[in-house]
Amino acid sequence: MGSVEKYFELVDQNQQQFIETLREAVAIPSVSCDASRRGDVVRMGEWLQARWEAAGAVCKRVEPGKQDLHGVELDLPPVILGQYGNDPAKKTVLVYGHYDVQPALLEDGWDTDPFTLVETDDRLIGRGSTDDKGPVLGWLLCVETHKQAGIEMPVNLKFCWEGMEESGSEGLDAIIEAEADKWFKGTDVVCISDNYWLGTKKPCLTHGLRGVSYFHLQVEGPGADLHSGVFGGTVHEPMVDLVHLLAKLVDNSGRIQVPGIYDQVMPVSDAEERTYEGLEFSHTALASDLKRDVIIHAEERDTLKHRWRFPTLSIHGVEGAFYAPGDKTVIPARVRGKFSLRTVPNMEPEKVAQLVKRYLQDEFAKLGSKNKMTVIETHAGRWWYSSPNHPNFVAGSRATEKVYGVKPDLTREGGSIPVTLTFEENLGVNVLLLPMGAADDGAHSINEKIDKRNYIQGIKLLGAYLHEVAATDMTA
């Protein structure tokens, strides 16, 4: 029996033990956005560090600094850096994950206590089970299982666990930049398991993420709110101007109306067109998830293209307007609309902001309004794209076939994982996104779960991937 097969066999034998480890981690309510839970977040990081050190890893606890959370000054949770193995003859793989979770309360609609792992026939339900405690534990259990089986680790493993991912990863970029030529020196490739399959049955590798530019569109008028019965029709109303401008940003088919915004978009190649064939995706399943068929596009590949590789613009809300139940006849003096634009290769955030601001200024000028309009860019995260033919992806594909018996779908995602680009730019190495969970896991939602199959087979996948990296020429 080969090393990988022996590893697989022991993973199967240890299934219940692995579930109990996840139960222990889920029980720590490491909610990073809640000041009252900051101690629990730190405790989760310390739990991970202690478990890794017990397995033989060398760890380094890095304190990112302070945070002002709604007026309360707090210490940011530690970033736990570690290394298992330091053989110069072996390749070095860096893995990343986060140990903090989204808020969760029983009264939010959970069927059970969110911080008590519930095991059903095929599911493991609890906050953090799939995002991201399950995958983070997968790497730990992979190392522990190799050690238990007496199998030499095929690579040197470095890791980076943070406790603020669900709250903007505050402090992490500075640590990665500072440690790029220190702790992370010698890294050959990076692997992140913090996203999901396209569907529920077929695994995937992810090689692209959209960026996001976020804007506030503010319109100011009179010095105070006004009575609509007295002033309606006699003043330029900020809300009227704002609604007009927001309606000019995107049409009801989802096409962005900002001139020049599509000029930077990378054309769809014939090779890319072929990647949309045979994917585990259907409009029927999507409509079921949405609880209603409100899908814009007729073809499934067009839906995926607009999720993955075309820019989109979404309007999120209005600040300063009346929104409570009941009726109120007020003219708000100042309103602020909020919208974001998802960017793709080869869009430059600076150019995007320039085009958006110029367009809104031109449209506002057409209104002839005496109000004041301001466009504020609050965030500009870049897109990330990697070739699925890179040897790191080849290793991930081979590992997936070994565990699941099928070639993985090659996917991109509409959302953003900023740390992906941070690692790539600072370390100068390839990054692979290798998801463990399925599309219906409900990360950030009530009754978050990971399927037992995904958790156990995912632990096998992470180990198989490390063996494939060891056997693959990364310079090819």
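Residues numbered from 1 in each chain as written. Predicted model: local features only at pLDDT ≥ 70, side-chain atom pairs only at ≥ 80, totals over all residues. Heavy atoms only, no water.

Draft legend 1. Structural detail: the overall build of the protein chain. Along its length, the protein chain carries 14 helices and 20 strands. For the protein chain, the C-alpha radius of gyration of 24 Å lies close to 23 Å, the compact-globule estimate for 476 residues. The dimensions of the protein chain, computed from C-alpha atoms along their principal axes, are 85 × 55 × 45 Å. In the protein chain, which comprises 476 residues, the proportion classed as buried is 53%. Within the protein chain, counting contacts between residues at least 6 apart in sequence, those at least 24 apart form 80% of the total. Accessible surface, the protein chain: about 20800 Å² in total, of which carbon and sulfur atoms supply 49%. Of note, the protein chain has its 50 positive side-chain charges centred 3 Å away from the centre of its 70 negative side-chain charges. (Helix = DSSP H or I, 4+ residues; strand = E, 2+ residues; numbered from the N terminus. Rg over C-alpha atoms; globule rule 2.2 N^0.38 Å. Buried < 20%, exposed > 50% of the residue type's maximum accessible area, 1.4 Å probe, protein only. Contact = heavy atoms within 4.5 Å. Areas by Shrake-Rupley, 256 points an atom, 1.4 Å probe, with all protein chains shown as cover. Lys, Arg positive; Asp, Glu negative; His and termini not counted. Charge placed at Lys NZ, Arg CZ, Asp CG, Glu CD.)

Draft legend 2. Spatial organisation of the pairing of strand S8 (residues 156-162). Most of S8 sits inside the fold, with seven of its seven residues counted as buried. Here S8 shows no split at all, with Asn156, Lys158, Cys160 and Glu162 on one side and Leu157, Phe159 and Trp161 on the other all buried. Sheet topology note: the strand S4 (residues 79-84)/S8 ladder contains five bridges and is antiparallel. Residue pairing across strands places tyrosine 84 opposite leucine 157, the latter belonging to S8. Sheet topology places strand S5 (residues 92-98) next to S8; seven bridges connect them, and they run parallel. Across the sheet, the residue bridging to glycine 97 is tryptophan 161, located in S8. (Pairing = 2+ DSSP bridges.)

Draft legend 3. View of the side chain of asparagine 392. Considering the arrangement of structural elements, one finds asparagine 392 in helix H12 (residues 391-404). On the accessibility criterion, asparagine 392 (0% relative accessible area) is buried. Side chain to side chain, asparagine 392 and tyrosine 465 meet in a polar contact 2.7 Å long. In contact with asparagine 392, not counting residues within four places along its chain, are Val189, Val190, Asn430, Val431, Leu432, Tyr465, Val469 and Met474. (Polar contact = N/O pair within 3.5 Å; in protein donor to acceptor, adjacent residues only side chain to side chain.)

Draft legend 4. Focus on the environment of serine 397. Position of serine 397 among the secondary structure elements: in helix H12. Given a relative accessible area of 18%, serine 397 falls into the buried group. Taking the C-alpha atoms as reference points, serine 397 and glutamate 280, separated by 117 residues in sequence, lie 16 Å from one another. If sequence neighbours within four positions are ignored, serine 397 has contacts with Leu205 and Pro408.

Draft legend 5. View of helix H9 (residues 283-290). The complete set of buried residues in H9 reads His283, Leu286 and Ala287. One side of H9 carries all its buried residues, which in axial view fall inside an arc of 100°. Exposed and oriented more than 90 degrees from the buried face of H9 are Thr284 and Asp289. Buried residues along H9 sit in contact with helix H10 (300-308). One or two positions beyond H9, positive phi appears at lysine 291, with a value near 70°. (Arc of directions from axis to C-beta.)

Draft legend 6. Representation of the nonpolar core. In this structure, Trp52, Trp161, Phe423, Tyr455 and Tyr465 are the most contacted members of the largest nonpolar core, which totals 88 residues. Of the residues forming this core, the biggest block, nine residues, is contributed by helix H14 (residues 452-471). Among all residues touching tyrosine 455, those that are not within four sequence positions of it are Phe18, Ile19, Leu22, Leu124, Gly134, Leu137, Leu141, Met436 and Ile450. In terms of nonpolar packing, the next biggest core, distinct from the first, is built from 30 residues, Val335, Leu341, Met347 and Leu360 among them. (Core = buried A, V, L, I, M, F, W, Y, C linked by side-chain atoms within 4.5 Å.)

Draft legend 7. Quick look at the packing of helix H7 (residues 238-247) against helix H11 (residues 349-367). Where H7 meets H11, the closest approach of the two axes is 10 Å, and the angle between their N-to-C directions is 135°. If you check the angle between H7 and H11, you find them oblique. For the pair H7 and H11, the sense of crossing is right-handed. Here Asp241, His244 and Leu245 of H7 lie close against H11, whose contacting residues are Leu360, Glu363, Phe364 and Leu367. (Axes fitted to C-alpha atoms, helices over the stretch in contact; angles between N-to-C directions. Parallel < 35°, antiparallel > 145°, perpendicular 65-115°, else oblique. Left-handed = near helix turned anticlockwise from the far one by under 90°.)

Draft legend 8. Inspection of the sheet that holds strand S20 (residues 449-451) at higher detail. Spatially, the three strands line up as an open sheet ordered S6-S7-S20, and their pairing is antiparallel. Since the sheet does not close on itself, it has two edges, and those belong to strand S6 (118-119) and S20, each with one partner. The sheet contact formed by strand S7 (residues 123-125) and S20 spans three bridges and is antiparallel. Its bridge partner being in S20, leucine 124 is matched across the sheet by isoleucine 450. Its contacts with the sheet put H14 on S6, S7 and S20, and the angle it makes with S20 is roughly 65°.

Draft legend 9. Seen up close, the pattern of salt bridges. A full pass over the atoms with the stated rule returns 29 salt bridges. A salt bridge links glutamate 46 to arginine 61, with the nearest nitrogen and oxygen atoms 2.8 Å apart. With glutamate 46 in helix H3 (residues 38-55) and arginine 61 in strand S1 (residues 58-62), this pair connects stretches of sequence that are 15 residues apart. The exposure class of glutamate 46 is partly exposed, given its relative accessible area of 38%. (Salt bridge = Lys/Arg side-chain N within 4 Å of Asp/Glu carboxyl O.)

Draft legend 10. How the structure looks around a nonpolar patch on the surface. On the surface, Val230, Phe231 and Val235 cluster together into a nonpolar patch covering about 230 Å² of accessible area. Structurally, valine 235 is set in the loop between helix H6 (228-231) and H7. Overall, valine 235 belongs to the partly exposed group, its relative accessible area being 31%. (Patch = residues over 30% accessible without salt bridge, like charges linked within 9 Å, V, L, I, M, F, W, Y side chains within 5 Å.)

Draft legend 11. Summary view of the packing of aromatic side chains. Evaluated as defined, the whole model comprises nine aromatic pairs. Taking the centre distance of 5.5 Å and the plane angle of 80° together, the rings of tryptophan 197 and tyrosine 404 count as edge-to-face. Of this pair, tryptophan 197 sits in the loop between strand S9 (189-192) and strand S10 (204-209) while tyrosine 404 sits in helix H12, and the two are 207 residues apart along the sequence. Tyrosine 404 matches tryptophan 197 in its accessibility class, with the two residues each being buried. Ring centres of tyrosine 276 and tryptophan 308 lie 5.9 Å apart, and the angle between their planes is 25°; on these two criteria the pair is classed as stacked. Residue tyrosine 276 is found in the loop between helix H8 (270-275) and H9, and its partner tryptophan 308 is found in helix H10; the two are separated by 32 residues along the sequence. For the pair tyrosine 276 and tryptophan 308, one class covers both residues: buried. In textbook terms, an aromatic cluster arises when at least three aromatic residues are bridged by ring pairs, as seen for Trp52, Phe159 and Trp161. Note that lysine 305 overlies the ring of tyrosine 276, its terminal NZ or CZ placed 5.6 Å from the centroid. For the cation-ring pair, arginine 309 lies above phenylalanine 310, with the distance from its terminal atom to the ring centre recorded as 5.0 Å. (Phe/Tyr/Trp six-rings, centres within 6.5 Å; stacked < 30°, edge-to-face > 60°. Lys NZ or Arg CZ within 6 Å of the ring centre and 35° of its normal.)

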